[in-house]
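So you can see what is in the structure, the chains are spelled out below.
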Amino acid sequence: MHEALVQNTPAAAPARRRGKRFEFMGRLFRERPLGAVGAMICLLLLLTGVFADVIAPAGYNAINPIDRLQAPSAEYWFGTDQIGRDVFSRIVHGAQLSVIVAFAATTLSIFISVVIGVTSSYFGGRFDMYTQRLVDGWMCFPDLILLIVAVSVLGPGIWQVILILGLLFGIAGSRIVRSAGLSAKENVFVHAARSMGASTLRILLRHILPNVMAPIIVLYTTRLAAVILAESGLSFLGLGIPPPTPSWGGMLSLDGRSYMFQAPWLAIIPGVALTLAVFGINMFGDALRDLLDPRMRGGGGRYVAQVRRKPKAEPAPVNAQPTSSTEV
Amino acid sequence: MSESNLAVDTTSDPATLDSTALAPDKANPLLRVSNLKTVFRQGDSTVNAVNGVSFDVRRGETLAIVGESGSGKSVTAMSILRLIPSPPGEITEGEIEFDGRDLLGMSDEEIRRIRGNEIAMIFQEPMTSLNPVLSVKRQLSEPMEVHRKVARKGVLKRCIDLLRQVRISDPESRVNAYPHQFSGGMRQRVMIAMGLACEPRLIIADEPTTALDVTVQAQILELLKDLTREHGSSMILITHDLGVVARYADRINVMYAGKIVERGTALEIFGNPRHPYTLGLMESMPSLNAETGTRLRPIEGQPPDLSDPPPGCPFHPRCRFAVERCKQEMPPLEQLSEEHWKACWVEDLNAKRQS
Amino acid sequence: MQNANPKANALLEVNDLKVHFDLPRRLLSRDPAGTVKAVDGVSFSVQRGETLGVVGESGCGKSTTGLAVLRMVDISGGSVILDGQDITTVKGEPLRLLRRKMQMIYQDPFGALDPRMRVLDIIGEPLLVHKLVRNKAEYRKEVLEVMDLVGLNPKMAERYPHEFSGGQRQRIGIARALAARPELIICDEPVSALDVSIQAQIINLLEDLQKKLGLTYLFIAHDLAVVRHICDRVMVMYLGHVVEIADSEELYKNPQHPYTQALLAAIPIPDPRAEVQRAVEPTLKGEVPSPVNPPSGCPFHPRCKHASEVCKQQAPQLAATGDRHAVSCHLY
């Protein structure tokens, strides 16, 4: 109905792009306040993870048996565990661990998803068919079984966890990327690139990939949360990162469970941390998806046309409705 | 950018007319739109899609609204039936009277009773306007069921009858088919049949043939012409195709940037265009009759940005006749003859045409 | 056969081109469910610097013909010869090199440009693909030059497509097609999606570019008025066959094939007086049949008011009826 048109002032361009980022944040806060809260939690998590060594008053394995099982106090904000380690420091270092594992595993998984999804959708035909059957086969196995098998083969450890989770989520996520790739492939400009003689690699990297970014970004955030939970679950089961590395899941299972009645904070605090992190990431991811998607289609509205009229000299019709349209 | 005295509309103000004897249909039009304004808001910007439009549709006539994208012609049509999604759109001003009834002031329930019933709309894209999972019979009967209580037995017969009216062969078996089994032209006929189901007094056809082949276009337009004549209904034909307009319209409104810039009978508009935009449109179209080797004369420039229109006449940046006044003041619609109106400060285009 | 000029100067020669698509097989059957004969025996040639118009309605195969010439679809029969070289079965690297010689302009100005790329990169892509420039400076210079050629403000090179209007986006598409300096340009409905006032701008631009750069156009369109204006010769297609081919002026003055006559009669003329005076030609009845199941003999016979027995049984051949005018019809 109305087209975007060019203004003949080149100066407008860079300002507009800068403005776009601020506009995005403004929209985030205004329209999806829960997502904004989630974003702030994510930011907190990230900063804690990055600056863990600075924030934490003690190392994650600073044993201090004298002060064991102390309840949270001014000195030990989150109390101490059964061998006197400052829980706060452990939580902070645990954040670092979560952040590292989450980002590494998620990035690996997205990489795998993109490679499989994009090539499968672009090449189509038999390649696509075989690849998808393999993916289907992989997804038949319950995640847990695969994880256990993998751990028993590879052994516990941080890199093993990253690898396993990356692979697991990567293959599953390839379907989403594939469907985005299928619709991107149909665009005329892809056809134009082919007819121009562009190589397949060029088309994939230059044309297909940037145009499936939106779902990939959303996928990334949802995977992050899933990875954190998965890693915690693994550690909880003793299959993940071995102690004394302070994984939140590990803290829950080893310390928390054993001392649940004597020192409930040992279970509650990692639990709350996990909940908050996952909640934050999910909320932000949801908000991101909402903001990226329908906006591009230009916002829907209800087909109720309440007519706002300026007051007129002659008497208005009896059933004139008051205005109720909302201004964006 | 207020329209000065657009209320000077011949049908409501007999004093401005030359002839004293008013044709009965002129004084009592089927539809009268006065100073309609519809906007779309997005973020901080407000697009004045329809910016003070007044016209009337008389009984039995085919009125064309001609314009390009951004002219506001489709939005005008949707505003009549209050189909503007709100937000982001909103009808902010104006009056629409249908057979004496105020459409804008009606409740949702009342306007729903008019849609499809007394005023029907035919859309542009026959490929997507029909529901792919419902049979033709279900879709045809929908307006009948919503608006009238037709007996069950009668519905099927009426559907077959409608299909026959729109010249679909073998209607008895076609009535149970699904949209994907029809070609584009036939789907458009089904859409027309749906529009006619309740025998509306006014049909609004929004680019009904743009998506169709030229031979099918001819068939559909002939069909619409015959049907409107048979039923005595009026039609608003919205299009950008001047050829279609020449063949099928009685009167024409030319719209640009949300305003009507020229209005008149088909003969007047084509024979004596008085607005530079109308003239520009005609000059820029390749004609089947022109000598080969002549160069087209396009309208330079781009359509205006409706969220930030230039002051004065919206066409002035592209107008080769523009004078200083055009940049500052919006010209009102000025009457040239009984039916011919224009909104332009320049008196005589012929004098400057060679420049 | 259909033009008197020596074929030696023909940039493009198409002989008995056939493009057939197999419909997907049904579940357990070995044979395909049917064949869509999109293009079924089309022959024509285009001289260097000439514009050949290809017109017809949906399903006639005009777009597929263009794609076949560009080798974007597989050719099932016949041959395509570009500048003396048979390109019908060329594959791989030689095909990529060929792509420099011929380019395409698309109908949809909004979909044809990658929304994530700057205009500079969209237009310059052919230069990179074919390695025509050595460094960034040269790249930029070439792109800006082409932008200037098509009437785009070079200062807009850093913008993104959505910041331009429809007509300007079409100019970007044209610039992109010109960047590698091709010889043949296939225009697939290049102005159909544009507003009337902008169409004229683009048509003038295409004509100017042709004169300036010595381009050859294959102009595929359904708007007969536009085609008459810009094309030197016009070819009318129906259901995968050529029914008539002639010089532009001649075709419109003296259409011989009943389908061409019906097409011309169906075009509304923007002049009410001419419309009234026009001989009332009964509008063509019926619809275009499905290309999966075309009629026997002459594909047009079910809708043709001159159809006779021979039309049902035997497909007519394209035969010359005058100097540079050929028709495929049993009437002649």
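Scroll up to find the structure this text is about.
What comes next concerns the included structure. Bear in mind the structure is a predicted one, so any value in this text is a computation, not a measurement.

**Topic: the interface of chain C and chain B**
Then step 1. Listed by partner, the interface residues are 32 residues for chain C and 36 residues for chain B.
Then step 2. Among the elements of the structure, α6 (196–213), α7 (224–230), α8 (248–253), α9 (258–266) and α10 (272–277) of chain C are those that each provide at least two residues to the side of chain C that touches chain B.
Then step 3. Take the side of chain C that touches chain B: its biggest share by element is six residues, from α6(C).
Then step 4. Partitioning the side of chain C that touches chain B into residue classes produces 15 nonpolar, 10 polar and seven charged.

**Some remarks on the nonpolar core**
Then step 1. Ranked by size, the top nonpolar core spans 266 residues in total, and within it A:Val227, B:Ala193, B:Ile236, B:Val245, C:Ala175, C:Leu218 and C:Phe219 carry the most contacts.
Then step 2. No other element matches helix α4 (residues 87–123) of chain A, which puts 15 residues into this core.

**A few points about the sheet that holds strand β10 (residues 259–265) of chain B**
All names here are of chain B.
Then step 1. The eight strands are arranged β6-β7-β8-β3-β9-β10-β12-β11 in an open sheet whose pairing can be described as mixed. What marks the edges here is a single partner per strand, and that holds for β6 (119–122) and β11 (334–335).
Then step 2. In terms of strand pairing, β6 meets strand β7 (residues 202–206) through four bridges, oriented parallel. Across the sheet, Ile119 pairs through a bridge with Leu202, a residue of β7.

**Concerning the environment of B:Leu336**
All names here are of chain B.
Then step 1. Among the secondary structure elements, Leu336 is positioned in the loop between β11 and β12 (341–342).
Then step 2. According to the C-beta neighbour criterion, Leu336 is partly exposed, with 15 such atoms within 10 Å.
Then step 3. Spatially, the C-alpha atoms of Leu336 and Ala193 are 39 Å apart, while their sequence positions differ by 143 residues.
Then step 4. The contact partners of Leu336, leaving out residues within four places of it in the chain, are Arg274, Trp341 and Lys342.

**Observations concerning the sheet that holds strand β5 (residues 101–102) of chain B**
All names here are of chain B.
Then step 1. If you walk across this open sheet you meet the four strands as β2-β1-β4-β5, and the pairing is antiparallel. A single partner strand is all that each edge strand has here, and the edge strands are β2 (45–57) and β5.
Then step 2. Pairing of strand β1 (residues 31–42) with strand β4 (residues 89–98) involves eight bridges; the strand directions are antiparallel. By the bridge assignment, Phe40 is partnered in β4 with Gly89.
Then step 3. Strands β1, β2 and β4 of the sheet are contacted by helix α2 (residues 73–80), whose axis makes an angle of about 70° with β2.

**Remarks on the interface of chain C and chain A**
Then step 1. In this assembly, 29 residues from chain C lie in contact with 21 residues from chain A.
Then step 2. Secondary-structure elements contributing two or more residues to the side of chain C that touches chain A are β6 (102–105), α3 (119–129) and α5 (166–178) of chain C.
Then step 3. The greatest single-element share of the side of chain C that touches chain A, amounting to three residues, is contributed by α3(C).
Then step 4. Across the side of chain C that touches chain A, the residue classes break down as 10 nonpolar, eight polar and 11 charged.

Conventions adopted
- Residues numbered from 1 in each chain as written.
- Chains lettered and ligands numbered in written order.
- Predicted model: local features only at pLDDT ≥ 70, side-chain atom pairs only at ≥ 80, totals over all residues.
- Contact = placed C-beta atoms within 7 Å.
- Helix = DSSP H or I, 4+ residues; strand = E, 2+ residues; numbered from the N terminus.
- Nonpolar A, V, L, I, M, F, W, Y, C, P; charged D, E, K, R; others polar.
- Core = buried A, V, L, I, M, F, W, Y, C linked by C-beta atoms within 7 Å.
- Buried ≥ 20, exposed ≤ 12 C-beta atoms within 10 Å, placed from the backbone.
- Pairing = 2+ DSSP bridges.
- Axes fitted to C-alpha atoms, helices over the stretch in contact; angles between N-to-C directions.

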